[in-house]
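Here is what each chain is made of, one letter per residue.
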Amino acid sequence: MTRIASAALDAPIATVTLVDEHRQWFKSCVGLDGREDDRDVSFCSVAIEKPEPLLIPDTLLDPRVAHMRVVTDEPFLRSYAGIPIATATGFRVGTVCIADTRPRTFSAADVGLLEDLARIAEDELNHKELSEALASWRESEQRFRAVFHDSTIGMTMVNGEGRLVEANLAFAAMVNIPPAELRGIPIMTLTHPADRDNDNIKELFTGEIDRYRREKRYVRPDGTWFWGALTASMLRDREGRPDVSIGMIEDITERKEVERMKDELVSIVGHELRTPLTSIRGSLGLLEAGIAGELPAEAADMVAIARQNTERLSRLVDETLDLERLQAGRVELNVRSVTPPELLQSTAQVVQRVADDAGIELVWEAPADLQLFVDPDRIVQALVNLIGNAIKFSPEGSSVRTIVKAHGSEALFTVRDQGRGIPLDQLDAIFERFRQVDASDHREKGGTGLGLPISRAIIEQHAGRIWAESVPGEGSTFRITLPLPLAKPPIAVYDRRAPRREELARAARRIGRRVLTFSDPETLAEADGFVLVLVAGAGLEDVDPGVPVIRIEGEDVDAAVVEALK
Amino acid sequence: MSAGRLLLVDDEPDIRMIATMALERVGGWTVTAAASAGEAIAAVRADLPDVVLLDVMMPDTDGPATLAQLRPLLGDGVPVIFLTARGETDHLLALGAAGVIAKPFDPIALPGAVAAITAR
């Protein structure tokens, strides 16, 4: 092309030049050495500033270029004509140009020829760009297809209507439906009826969330089902609009079954142990008290040993069951508003006598103006564990201090003793099951080794943290943090219909409010200190919840909630 | 001297024996033990007790159902106390119970717990 330009226009130099931010280089060139040049001293960088042709009959008379090295030095260029070339999107990336060592004028025919050449160069450039983009797109699509179809994990594509666009062989095998027949099926018809509520696919398409994970049951045409762990995310088109949801489904039926059996085993063993233990403990208690007649001194000692160990065993069974339930998330928290002094008073009722017997002074310090939203029984249980431990490991005559303070957005509980302390390498381990610092502790101190794991499970369920600090020889400090409720009162959301209830709760959470949901008007009495949000037509007309009720009307829940809670 | 007549209803023989011994020897009650709703009804018909101790978890007819059958025979004057292993005090009181004692109980402390509720 540069040869055509050079010959047709009788110019010693002709180039197709591409320019980027810093340099220019010759795609094709006649009459010049070298392939690259500093862009700052090039004619072409001037030419691409405008879409029109750049014509310079005499370089020495044009202040834009007169100073350039190609003018003042070899090859002493005196004239130039350049036509910008642009990409399909209109971005000017270079020129087709000729240059001469003598001044000259350019006729309309000269310019027309150069323009024709520039269009040809443009077409070639754009075609190359397009085919490169196409190739890389095909490659990535092929890769995606390969991952999608050959994956041993079930994969689905679901559109905005909730219908399957495509599913891979693994998923087809899971649900036992040929892949071709899966196309167009609403995904909900493959979902177990009990798991259809609370699916987040709608939020995925509205853009509220980017991805979600949940465990749900998928049903097969023959009525059998399997547990799947679903991870769903959104594929978006070039404009960022939701296109299809990509789901990855792993069959976790076996894991679920093992979990269920373990839970069942723990629960059955627990309850089967409990009943006989209760009888043994009761009988020994009566014997020890001499109800069935005065025992010889030695017999009374042995019965006392039997009774104490039965009690320890009962406690172990109770606490194992409790920990198991807490860790499985099966303990429902009875959350209500309490102040730290209320919590400490309830704790003191349990531990004060133990402290008095051990000759330990208990010191309490807590502000009454802090409000906590917690399950008081459970928090007291955790505090009793911590303070009970502190008493056990404190020398007689020392004190155990319990201090509560506001610390940023959290309440900080500190329990400090003057005991032997905890080796630094055990500070974390003591929160695991049966991990007392000294193996002899459980005999000497009578603990089950489950108190701290239970406390941790309780605190973590409250979205708080628990940890230990210690200077060995000087004592231990246990700390608990519990989130303080935001300044605005939390909201009780009531609606019988789960999806609607969740929709309301989400809307209220988005504007920074703590939310508790209720489906049963009977339990609404616990909503003391709440603002109540209610959907119109949800019932509750006959119930007096004892708190203000706000009725949310209409379909646009978000806007209505914002308006109502402003 | 007897503290009064107490009807104990529990399906577990061990619990019946332990509780009976504690209530009689420590609390001074005259105890009749029944293993089921049927036995409890027969016992009430034979001799109206002053207090009923009633287990919640029983096969066939459970505690609340037994109470429903006993109440017409007992009238309002005889307090009924539930024994329960579950922490479900409120709805049991709503059924008209005078009180609730948690299982497992310390037998030595049981007579005191009964006395505290009947004294109210």
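The model shown is predicted, which means the values in this text are computed figures rather than measured ones. (Residues numbered from 1 in each chain as written. Chains lettered and ligands numbered in written order. Predicted model: local features only at pLDDT ≥ 70, side-chain atom pairs only at ≥ 80, totals over all residues. Heavy atoms only, no water.)

### Focus on the UniProt feature "modified residue: 4-aspartylphosphate" (unreviewed entry) in chain B
Counted only if it meets this: UniProt positions are given in the numbering used here, feature names are shortened, and annotations may be inferred rather than shown by experiment. What counts as a helix is a DSSP run of H or I of at least four residues, what counts as a strand is a run of E of at least two, and both are numbered from the N terminus.
The UniProt feature table records "modified residue: 4-aspartylphosphate" (unreviewed entry) at B:D55. Relative to the helices and strands, B:D55 is located in strand β3 (residues 51-55).

### Some points on the interface of chain A and chain B
The accessible area lost on association of the parts is a frequent measure of interface size. For clarity, the threshold we go by: Should any heavy atoms of two residues lie within 4.5 Å, those residues are counted as being in contact. Defined in terms of a 1.4 Å probe, buried area is the accessible area two parts forfeit on being brought together, summed over both. Any Lys or Arg side-chain nitrogen located within 4 Å of an Asp or Glu carboxyl oxygen qualifies as a salt bridge. In the analysis that follows, any N or O atom pair within 3.5 Å is treated as a polar contact, provided that within protein one partner can donate a hydrogen and the other can accept it, and provided that, for residues neighboring in sequence, both atoms belong to side chains. Amino acid classes used here: Ala, Val, Leu, Ile, Met, Phe, Trp, Tyr, Cys and Pro are nonpolar; Asp, Glu, Lys and Arg are charged; the rest, including Gly, are polar.
Across the boundary between the two partners, chain A contributes eleven residues, which contact eleven residues of chain B. Of the roughly 950 Å² buried where chain A meets chain B, counting both sides, 75% is carbon and sulfur surface. It is A:S279, A:L286 and A:I291 in chain A that bury the most area against chain B; as a group they hold 51% of the surface buried on that side. For the pair chain A and chain B, the interface holds zero salt bridges. Linking chain A with chain B are two residue pairs in polar contact (both at pLDDT 80 or more). A breakdown of the residues in the side of chain A that touches chain B according to their chemical character gives four nonpolar, six polar and one charged.

### Thoughts on the packing of helix α8 (residues 253-288) of chain A against helix α9 (residues 297-327) of chain A
Residue and element names in this part refer to chain A. Here is the rule we go by: Lines fitted to the C-alpha atoms define the axes, with helices restricted to the stretch that makes contact. Angles between their N-to-C directions range from 0 to 180 degrees. Angular relationships are summarised with four words: roughly parallel below 35 degrees, roughly antiparallel beyond 145, roughly perpendicular across 65 to 115, and oblique for the angles in between. Whether a crossing is left-handed or right-handed is set by the direction in which the near helix is turned from the far one by less than a right angle, anticlockwise for left-handed and clockwise for right-handed.
Interhelical geometry of α8 versus α9 gives an angle of 155° and a closest axis separation of 9 Å. As far as their axial angle goes, α9 and α8 are roughly antiparallel. Judged by the sense of rotation from one axis to the other, the crossing of α8 with α9 is left-handed. A per-class count over the contact of α8 with α9 returns twelve nonpolar, six polar and eight charged.

### Quick look at the sheet that holds strand β4 (residues 80-84) of chain B
Residue and element names in this part refer to chain B. What counts, and what does not: By the convention used here, strands pair only if DSSP detects at least 2 bridges between them.
Read from one edge to the other, the open sheet built from five strands follows the order β2-β1-β3-β4-β5, with strand pairing classed as parallel. Edge positions in the open sheet fall to β2 (29-34) and β5 (99-102), since each of these has one partner strand only. For this sheet, the mean angle separating the axes of adjacent strands, direction not counted, is 20°. Strand direction decides the pairing type here: β4 and β5, joined by four bridges, are parallel. Counterpart to F82 in the pairing with β5 is V100. Of the strands in this sheet, β1 (4-9), β2, β3, β4 and β5 touch helix α5 (residues 110-118), which is tilted by about 165° from β5.

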